[in-house]
Amino acid sequence: MSFTLSFTTPEPIFTLAIDQTGSTTSTICPLPVPSGSFFPIVIVVVLILAFIFGEKVPKVDETDGIKMTADEIAEKFLNDKSGMDKEFHNKVYEVTGNVEDSNGQYSMTLSTESGEYEIYFDVDKEKSNKIPKLDKGDTVTMKGLYNRVLTDRIDFKDALYIACLLYTSDAA
C-alpha cells in the first residue's frame, strides 16, 4: 500500500509519497507562487505544524525547579558560557543566594562569590507570592525560567519568590 499527496496548480508544486515500508520521498518544484487562495492555505498549514511540533516552554509555577545556588550557576557559566547557555535553555531553576538588589515586586538580583556574574530574576507580577522587604545580604530562594546570559548577568524570567532567611547582625 502506498500513499501520494500532491499540491498542484497547472503543474505539480509539491509531492509526498510514502510506500508500504514507510519510506518517504518528496519533490518540491520551484514554480512561481500562483495568485489566488493556494498560498494562504500553505502558510496556515505551516503555522499549524509549527504550533503543534514547536518547542514547549515549561511554566514556572507548574514545574519543579532544578535546585542550585547562585554561586554554582555562576561557576558553571564561568567554565563554559555557551555550553551552559544551551544546557540551561528552557529549564526552570530554583536558585538560592544572597540579595544584591531587590526592586520590590518587580525584580531580584543575587550576588555571586566570584563577582563575575549576578543572577537576575524578572518577577512574574501576577503569580508571585508577595516578596517581603529584603536587604542586601539576606538569603533568598527564587524560582524562574532561564532566559539568557549577558556579559555580567544571568537572567531568569517569570520568576517566583519561594523563601528567604533574613540577615541579622550579632552586634550586641
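**Observations concerning the packing of helix 2 (residues 70-79) against helix 3 (residues 81-88)**
Between two packed helices, both the angle of their axes relative to each other and the distance between the axes serve to describe the pair.
Piece 1. Remark: helix 2 packs on helix 3, axes separated minimally by 5 Å, with the N-to-C direction vectors making an angle of 125°. With respect to their mutual orientation, helix 2 and helix 3 come out oblique. Along its contact with helix 2, which presents I73, K76, F77 and N79, the element helix 3 presents K81, M84, D85, E87 and F88.
Piece 2. When the residues that make up the contact of helix 2 with helix 3 are grouped by side-chain class, the tally is four nonpolar, one polar and four charged.

**Description of the pairing of strand 9 (residues 153-165)**
Piece 1. In this structure, strand 7 (residues 118-123) lies alongside strand 9, joined through five bridges in parallel fashion. From the neighbouring strand, F121 faces strand 9, where its bridge partner is F156.
Piece 2. Hairpin connection between strand 8 (residues 139-149) and strand 9: a loop of three residues separates the two successive antiparallel strands.

Scoring rules and cut-offs
- Residues numbered from 1 in each chain as written.
- Predicted model: local features only at pLDDT ≥ 70, side-chain atom pairs only at ≥ 80, totals over all residues.
- Heavy atoms only, no water.
- Axes fitted to C-alpha atoms, helices over the stretch in contact; angles between N-to-C directions.
- Helix = DSSP H or I, 4+ residues; strand = E, 2+ residues; numbered from the N terminus.
- Parallel < 35°, antiparallel > 145°, perpendicular 65-115°, else oblique.
- Contact = heavy atoms within 4.5 Å.
- Nonpolar A, V, L, I, M, F, W, Y, C, P; charged D, E, K, R; others polar.
- Pairing = 2+ DSSP bridges.

So far we have only geometry, and geometry alone does not tell us how the molecule works.
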